[in-house]
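# Residue-level structural notes
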Amino acid sequence: MILDLDIGNTLSKWRLKDADSSEIRSRGAVWTREEWRPGADIPDLDVVEAVRISSVARQAVLAQTVALLQNRVGGVHVARSRPEALGVTNGYREPERLGVDRWMGVLAGYQLAGGCCSVDCGSAITVDFVLPGGRHLGGYILPGLRLMKESLKLGTRNVAIDPDSEADELLAPGTRTVEAVNHGIYMAAVSAVNRIYSEVCDRENVPLPVLLTGGDARVVSRGIQVPHAVWPDMVYGGLEASFPLTAAERAGRMAGAPLVPRPVSLEKIRAGLAFSMLL
Ligand SMILES: Nc1ncnc2c1ncn2[C@@H]1O[C@H](COP(=O)(O)OP(=O)(O)O)[C@@H](O)[C@H]1O
Ligand SMILES: CC(C)(COP(=O)(O)O)[C@@H](O)C(=O)NCCC(=O)O
Ligand SMILES: [K+]
């Protein structure tokens, strides 16, 4: 079995992948904290032959996780942001400073779709762009839905947005505090992503497919106006592409990859942008 870990600022996600069949056998998540308890937080390590890790938590969390795993598992692969990998050049001035979850998402997105816009809706919402040809432009970081809500300190932090709500309802004026807050932060997040996407496609003269991941991907997806796909395993896809261990991975296949959404024309994107400039 291969254990894949995606350690974010809020949640540490794991999944177990069968090295022979490439099937995902189990998955889970625990709050990101300093100590992992194998058998409780993560699966029993006896079945694990290799681990792949993407971590943006504090250095100490990663160091302890690696120390714990290295005693028990043969291969421990830790992803790092690089100046260049798998045909993509990192757009950051200091490439190693790009969050490795973003880098994993960009690599997975490029491997799947060629040029793309990758959006990770977690503690933070990040929007990254890579052009056909592999130039990563850099991106945008804004607070995630939960962080925005917490920053208001209106006592609504524990009332999550129902991921099944319709975008129309979420965009309507709220008539209670909880609703006004939820609808406000939702509007902030989806308008930002829509606008960022249009601005960058306009600047770069190319319509790009959009891929979404992260804990809030499903709800944000409802407010995204252009064709897009939700890919919950996008960060894991970057780990598979960076450290291919199975036959399918060596052939470039990533588990759970969606169909590539076909972007609308540049003319349509520009028309939408022109309209929003009038507002
Ligand atoms: N069951 C859940 N538990 C915790 N957070 C959730 C859950 N479902 C959705 N979320 C949202 O997902 C966010 C965490 O998403 P995730 O992509 O795991 O973040 P990170 O990678 O930053 O840890 C939370 O901030 C919250 O808004
Ligand atoms: C921007 C992030 C905090 C997002 O983390 P997440 O929401 O996935 O927990 C993370 O990618 C990070 O720490 N990045 C380093 C700074 C940068 O990417 O510029
Ligand atoms: K994120």
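Below: a short report on this structure. (Residues numbered from 1 in each chain as written. Chains lettered and ligands numbered in written order. Predicted model: local features only at pLDDT ≥ 70, side-chain atom pairs only at ≥ 80, totals over all residues. Heavy atoms only, no water.)

## Looking at the site of ligand 2
Every one of the 14 residues lining ligand 2 counts as a neighbour, but Tyr 92, Gly 99, Asp 101, Arg 102 and Ala 124 are closest to it. A distance of 2.7 Å separates an oxygen atom of ligand 2 from a polar atom in the side chain of Arg 102. At 2.8 Å from an oxygen atom of ligand 2 is found a main-chain nitrogen or oxygen belonging to Ala 124. Against a free-state accessible area of 460 Å², the protein chains account for coverage of 77% of ligand 2. For ligand 2, the cavity whose grid points lie within 2 Å of the majority of its atoms is the largest pocket. Every element with two or more residues in the shell around ligand 2 is listed here: helix H2 (100–113) and strand E9 (124–130). In terms of residue class, the shell around ligand 2 is built from five nonpolar, six polar and three charged. (Near = heavy atom within 4 Å. Polar contact = N/O pair within 3.5 Å; in protein donor to acceptor, adjacent residues only side chain to side chain. Areas by Shrake-Rupley, 256 points an atom, 1.4 Å probe, with all protein chains shown as cover. 1 Å grid on protein atoms, 1.4 Å probe; cavity = no way out; pocket = protein on both sides within 12 Å on 5 of 7 lines; lining within 4 Å. Sits in = over half its atoms within 2 Å of the grid points. Helix = DSSP H or I, 4+ residues; strand = E, 2+ residues; numbered from the N terminus. Nonpolar A, V, L, I, M, F, W, Y, C, P; charged D, E, K, R; others polar.)

## Topic: empty space enclosed by the protein
Tallying each qualifying case throughout the model produces two cavities of 30 Å³ or more. In this structure, the largest cavity occupies an estimated 50 Å³ of space. Taken together, Asp 101, Arg 102, Gly 105, Ser 118, Asp 120, Thr 126, Asp 128, Thr 213, Met 234 and Val 235 form the lining of the largest cavity. Mapped onto the lining of the largest cavity, the elements with two or more residues apiece are H2, strand E8 (116–121), E9 and helix H7 (234–242). Grouping the constituent residues of the lining of the largest cavity by class yields two nonpolar, four polar and four charged. (Points joined across faces, edges and corners; volume = space filled by probe spheres on them.)

## Here we look at the sheet that holds strand E11 (residues 210–213)
The five strands are arranged E10-E9-E8-E11-E12 in an open sheet whose pairing can be described as mixed. With one partner strand each, in any of the chains shown, strand E10 (136–143) and strand E12 (228–230) form the two edges of the open sheet. Taken pair by pair, the neighbouring strands of this sheet meet at an average axis angle of 15 degrees, ignoring direction. By the bridge criterion, four bridges tie E8 to E11 in an arrangement that is parallel. Paired with Ser 118 across the strands is Leu 211, a residue of E11. Packed onto the sheet, H2 meets E8, E9, E10 and E11 and runs at close to 140 degrees relative to E8. Each of E8, E9, E10 and E11 is contacted by helix H5 (residues 177–204), which is oriented at about 15 degrees to E9, the strand it contacts most. (Pairing = 2+ DSSP bridges. Axes fitted to C-alpha atoms, helices over the stretch in contact; angles between N-to-C directions. Contact = heavy atoms within 4.5 Å.)

## A word on the nonpolar core
Ranked by size, the top nonpolar core spans 33 residues in total, and within it Val 119, Ile 125, Val 127, Phe 129, Leu 145 and Tyr 197 carry the most contacts. Residue assignment for this core shows that the elements contributing at least two residues are E8, E9, helix H3 (145–152), helix H4 (167–170), H5, E11, helix H6 (217–221) and helix H9 (266–278). Broken down by element, the residue count for this core peaks at nine residues, all from H5. Excluding residues that lie within four positions of it along the chain, Tyr 197 makes contacts with Cys 117, Phe 129, Pro 207, Leu 208, Val 210, Val 226, Pro 263 and Ile 269. Formed by 21 residues, the second largest nonpolar core is a distinct cluster that contains Ala 85, Leu 98, Val 100 and Cys 116. (Core = buried A, V, L, I, M, F, W, Y, C linked by side-chain atoms within 4.5 Å. Buried < 20%, exposed > 50% of the residue type's maximum accessible area, 1.4 Å probe, protein only.)

## Let's talk about the environment of Leu 171
Position of Leu 171 among the secondary structure elements: in the loop between H4 and H5. Residues Leu 171 and Gly 184 lie 13 residues apart in sequence; the distance between their C-alpha atoms is 7.9 Å. Once you skip the residues sitting within four places of it in the chain, Leu 171 turns out to touch Tyr 186, Met 187 and Val 190.

## Observations concerning the pairing of strand E4 (residues 50–55)
Counting buried positions over the six residues of E4 gives six, a clear majority of the element. Of the two faces of E4, the one lined by Ala 50, Arg 52 and Ser 54 and the one lined by Val 51, Ile 53 and Ser 55 are each fully buried. Sheet analysis places strand E1 (residues 2–7) next to E4, joined by six bridges and oriented parallel. Looking across to E4, one finds that Asp 6 is bridged to Ser 54. In the sheet, E4 pairs with strand E5 (residues 75–78) via four bridges, with the strands oriented parallel. In the strand pairing of E5, Arg 52 is matched with His 77. This β-α-β element, E4 to helix H1 (residues 59–70) to E5, shows right-handed connectivity. (Right-handed = clockwise from strand over helix to strand, strands pointing away.)

## Section: the packing of aromatic side chains
Applying the stated criterion across every chain yields a total of one aromatic pair. For the pair Phe 129 and Tyr 140, a centre-to-centre distance of 6.4 Å together with 80 degrees between the ring planes defines the contact as edge-to-face. In this pair, Phe 129 is assigned in strand E9 and Tyr 140 in strand E10, connecting sequence segments eleven residues apart. Here Phe 129 falls in the buried class, since its relative accessible area comes to 1%. (Phe/Tyr/Trp six-rings, centres within 6.5 Å; stacked < 30°, edge-to-face > 60°.)

As far as function goes, none of this settles anything; it's purely spatial.
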